[in-house]
Amino acid sequence: MLKLLIRLFALLCVAVLAACSDIAADPALEVYLVRHAEKTTEQTDPGLTEAGKARAELLAEKLTDAGIDRIHSSDYVRTRDTAAPLAKRLGLDVELYDPRDLPTLAVQLQAEGGTHLVVGHSNTTPQLTELLGGDGGAPIVEATEYDRLYRVVVDANGDVTSKLMRFGG
């Protein structure tokens, strides 16, 4: 009987440890960050080119199963249109943020937790990545670089990992 109780206790300990490791592995915050897709040459508030629309669709395909809870965009046609295909697929609204106040957005994301997509600009996307504790990398090439996708994960202990990926060639 004592051996049986010891075995049950050992199994219970293993189950508790496994559950704890699963909880620690789940991110407290996961943020995908991307610059808007290719834009037209209009001078004020340009939209997306055909290539940009195709890239926005590729982004939606890539992130459909990422568990995104919220989508954030600056209030420009090119960023809203980049976010729109994923928002439509997931049935989410695109929430607007002020790209001139990235520290407030970073604090808001950290306080809310969950999984987010943030669509920004060549100068704001690496900066927000860094405000979240990730590596912004080299400056984005304004004229040609639309394929960066950052993923920043903050675990329950506050430890941050970041990864720079590419999408849509």
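Here, the structure is the one placed above.
Residues numbered from 1 in each chain as written. Predicted model: local features only at pLDDT ≥ 70, side-chain atom pairs only at ≥ 80, totals over all residues. Heavy atoms only, no water.

Chemist: Before we move on, can you summarise the nonpolar core with the specific residues and values?
Modeler: Y32, L63, I68, L117 and L149 are the most contacted members of the largest nonpolar core, which totals 16 residues. Looking at this core, the elements with two or more residues in it are β1 (27-35), α2 (50-63), α3 (77-90) and β4 (114-120). Filtering out sequence-adjacent residues up to four positions away, L63 remains in contact with Y32, I68, L86, L117 and L149. (Core = buried A, V, L, I, M, F, W, Y, C linked by side-chain atoms within 4.5 Å. Buried < 20%, exposed > 50% of the residue type's maximum accessible area, 1.4 Å probe, protein only. Helix = DSSP H or I, 4+ residues; strand = E, 2+ residues; numbered from the N terminus. Contact = heavy atoms within 4.5 Å.)

Chemist: So what's going on with the environment of E57? Residues and values would help.
Modeler: Among the secondary structure elements, E57 is positioned in helix α2. Accessibility expressed as a relative area gives 37% for E57, which makes it partly exposed. Setting aside its immediate chain neighbours within four residues, E57 contacts P85 and R89.

Chemist: How would you explain the pairing of β1 if you had to name every residue and give the values?
Modeler: Counting buried residues in β1 gives seven out of nine residues, a clear majority hidden from the surface. Here seven bridges tie β1 to strand β5 (residues 148-155), and the two strands are oriented antiparallel to one another. Pairing of Y32 across the sheet is with R151, part of β5. Note that β1 and β4 share seven bridges and pair parallel. Counterpart to E30 in the pairing with β4 is T115. (Pairing = 2+ DSSP bridges.)

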